[in-house]
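Chain by chain, the residues run as shown.
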Number of protein chains: 2
Amino acid sequence: VIYWNGKIRPPEAVNIAPGDRGFLLADGLFETMRGYRGRVFCLAQHWNRLKSSADFLEIPLPLSLAELTGIIDELLEKNHLLTQDASLRLTLTRGVGSRGLSPPADPIPSILLTAQPLSAASAPAVARICIVDIRRNELSPLACHKTLSYLENILARQAAVKAGADEAVLLNSRGLIAEASAANIFCVNDQGWLLTPRREDGALPGITRQVVLDLAKHLGIPAAEQSLTPSDLVQAQEIFLTNSLIEIQPASFLTDGKCMPITAQLQTVYRQRL
Amino acid sequence: VIYWNGKIRPPEAVNIAPGDRGFLLADGLFETMRGYRGRVFCLAQHWNRLKSSADFLEIPLPLSLAELTGIIDELLEKNHLLTQDASLRLTLTRGVGSRGLSPPADPIPSILLTAQPLSAASAPAVARICIVDIRRNELSPLACHKTLSYLENILARQAAVKAGADEAVLLNSRGLIAEASAANIFCVNDQGWLLTPRREDGALPGITRQVVLDLAKHLGIPAAEQSLTPSDLVQAQEIFLTNSLIEIQPASFLTDGKCMPITAQLQTVYRQRL
């Protein structure tokens, strides 16, 4: 069952209106979260990011965090996800509008929440990455928001898969590393520094990205947000990807994995922190 | 009534699936067309653009132009739009997929077609325009495709309306004029040349844009696709916007209109050509 605008129902009983601006114009936002045996990790952080982006777009948020928590609990229970890991997606749109770009004066937003089992086998232990031609526009005011406009990322992923990789690394308009198509990217340089692209370089402010930066500080691993070139990445000692579902996933330009001690340490502590 | 995946039904009987990639990821395309008393202008051109973009995105098109024509005829008739002007929108998505960015191997695309009366009063005689801060990324491989990713254009429109204008003009990453938020832009310079931004500068290859370029040639008005700076636009003798619905709409940075002889001539001939 899924949640749609106030009700929990089977997917086939949900009708998204053909005039919904999320469907017609990508006028909305989303969050992807991971549930660990019934508990969603960093729910408040996801909620705060959604709220902040919704404020920016002037989309009202018709739920409180407490209400969302109740809905998630019910959804996980009804989908038998209290004893296994789950992938959750919350989609917020500006709702139905009349023809054209201009938003309705008093939008009635739509909210979709889905939860499904997360199979451990879905992600490769080491992601093969490649740098694709598609540039992320770090100058867009939307670059720091998780909007529904994901077609460029889809194109990037398609290009990577065609090149025999699992995931695409996108550069920004100046040729600096921005992020992967569905994840933030980190590397460890030959001085042992853990580095990840700056938000100004087009990195989405990922929730897992922030957790990893906090964990590194806690562990005494020197870490920084810093501009990275493709050359920095290719010469890195370790590379890993982060998002709420894959957590910390080792990555390599090579098809064979290599020893990544800092990545392994962070992976272990990330799971312990839950 | 509206058309959705093979059937013509009332909008409330249409269920867009919550897993449709158009809704979740803006993974799709659209066309906006104008019906003139039952006849859609430039239908074949709209179809060709959609087909070409669908090929680029690897979304199969489950209809032929002949089938689409039949559906449009039925839709216009059932909505009593054979004797008045109509606004039509065709939306194509990659359909339902499983979680994540990677497209399904054998997508079953979704098609939505809506038609509604077009009120003559909806567009101002002269659009007040202003240049907004949001840049159009002309380097994106999607810049020349009419995709569902329209949130930047919505932001641009919102910014223009807040500034007291009707429509936003977007610059590209190099500060050259790209297009308006929902229209192409033309101007007439002091030598009498009709100019419009190049596709390489971020102008969507609009159907009406091409018709106007053809009409200018036919009328002996010197015309060219050419890079334009904000200064070119501010100093222009005439400015107008084009799309399938507004046709040729005079535009001005000022709140009062001014005499625009070439715009007026093109407006007249555009209507005659129908």
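Use the structure listed above.
This section reports on the structure supplied with the text. The model shown is predicted, which means the values in this text are computed figures rather than measured ones.

Description of the overall build of chain A
Counting its secondary structure elements, chain A contains seven helices and 14 strands. Computed over the C-alpha atoms, the radius of gyration of chain A is 19 Å, within 12% of the 19 Å expected from 2.2 N^0.38 for a compact globule of 274 residues. Within chain A, buried positions represent 56% of all 274 residues. In chain A, the proportion of contacts linking residues at least 24 apart, taken out of those at least 6 apart, comes to 70%.

Re the state of the cysteines
All names here are of chain B. All told, the structure shown has zero disulfides over all chains when counted by the stated rule. No disulfide involves Cys-130; its sulfur sits 17 Å from the nearest other cysteine sulfur, which is in Cys-187. Here Cys-187 falls in the buried class, since its relative accessible area comes to 1%.

Things to note about the packing of aromatic side chains
Per the counting criterion, the structure on display carries ten aromatic pairs over all chains. An angle of 90° between the planes, with centres 6.2 Å apart, marks the rings of Tyr-36 of chain A and Phe-41 of chain A as edge-to-face. By relative accessible area, Tyr-36 of chain A is classed as buried at 10%. A relative accessible area of 8% places Phe-41 of chain A in the buried class. When the ring of Phe-41 of chain B is compared with that of Tyr-270 of chain B, the centres are 5.4 Å apart and the planes differ by 75°; the resulting orientation is edge-to-face. One end of the pair, Phe-41 of chain B, is in the loop between β4 (39–40) and α2 (43–57); the other, Tyr-270 of chain B, is in helix α7 (residues 261–273), and 229 residues separate them in sequence. Put simply, the rings of Tyr-36, Phe-41 and Tyr-270 of chain A pair up and form one aromatic cluster. The ring centre of Phe-30 of chain A lies 3.9 Å from the NZ or CZ of Arg-89 of chain A, which sits over that ring.

A short note on α2 of chain B
When the terminal C-alpha atoms of α2 of chain B are compared, their 21 Å separation across 15 residues agrees well with the 21 Å that a helix rising 1.5 Å per residue should span. By the burial criterion, the buried members of α2 of chain B are Leu-43, His-46, Trp-47, Arg-49, Leu-50, Ser-53, Ala-54 and Leu-57 of chain B. Mapping the buried residues of α2 of chain B onto a view down its axis gives an arc of 165°, with all of them on the same face. Residues of α2 of chain B that are buried sit in contact with α4 (151–162) of chain A together with β3 (28–36), β4, α3 (65–78), β5 (86–93) and α5 (207–219) of chain B. Directly beyond the C-terminal end of α2 of chain B, a positive phi value near 60° is found at Glu-58 of chain B.

Brief notes about the packing of α2 of chain B against α3 of chain B
All names here are of chain B. The contact between α2 and α3 brings their axes to 11 Å, and the two run at 125°. Between α2 and α3, the crossing angle belongs to the class labelled oblique. Of the two possible hands of crossing, α2 and α3 adopt the one that is right-handed. Of the residues in α3, those in contact with Leu-43, Ala-44 and Trp-47 of α2 are Leu-65, Leu-68, Thr-69 and Ile-72. The residue inventory of the contact of α2 with α3, partitioned by class, reads six nonpolar, one polar and no charged.

Some points on the interface of chain B and chain A
Between chain B and chain A, the contact holds 55 residues from the first and 55 residues from the second. With both chains or domains summed, chain B and chain A bury close to 4400 Å², and 65% of this area falls on carbon and sulfur atoms. Taken as a group, Phe-23, Leu-101 and Leu-151 of chain B account for 18% of the area that chain B buries against chain A, more than any other trio of residues on that side. Taken together, chain B and chain A are joined by two salt bridges. Close ionic contact of Glu-58 of chain A with Lys-162 of chain B constitutes a salt bridge, the shortest N to O distance being 2.3 Å. Looking at the side of chain B that touches chain A, the elements with two or more residues in it are β1 (2–4), α1 (21–25), α2, β5, β6 (110–117), β7 (127–136) and α4 (151–162) of chain B. Ranked by residues supplied to the side of chain B that touches chain A, first place goes to α4 of chain B with eight residues.

Cut-offs and rules
- Residues numbered from 1 in each chain as written.
- Chains lettered and ligands numbered in written order.
- Predicted model: local features only at pLDDT ≥ 70, side-chain atom pairs only at ≥ 80, totals over all residues.
- Heavy atoms only, no water.
- Helix = DSSP H or I, 4+ residues; strand = E, 2+ residues; numbered from the N terminus.
- Rg over C-alpha atoms; globule rule 2.2 N^0.38 Å.
- Buried < 20%, exposed > 50% of the residue type's maximum accessible area, 1.4 Å probe, protein only.
- Contact = heavy atoms within 4.5 Å.
- Disulfide = S-S within 2.5 Å.
- Phe/Tyr/Trp six-rings, centres within 6.5 Å; stacked < 30°, edge-to-face > 60°.
- Lys NZ or Arg CZ within 6 Å of the ring centre and 35° of its normal.
- Expected span 1.5 Å × (residues − 1).
- Arc of directions from axis to C-beta.
- Axes fitted to C-alpha atoms, helices over the stretch in contact; angles between N-to-C directions.
- Parallel < 35°, antiparallel > 145°, perpendicular 65-115°, else oblique.
- Left-handed = near helix turned anticlockwise from the far one by under 90°.
- Nonpolar A, V, L, I, M, F, W, Y, C, P; charged D, E, K, R; others polar.
- Buried area = accessible area lost by both parts, 1.4 Å probe.
- Salt bridge = Lys/Arg side-chain N within 4 Å of Asp/Glu carboxyl O.

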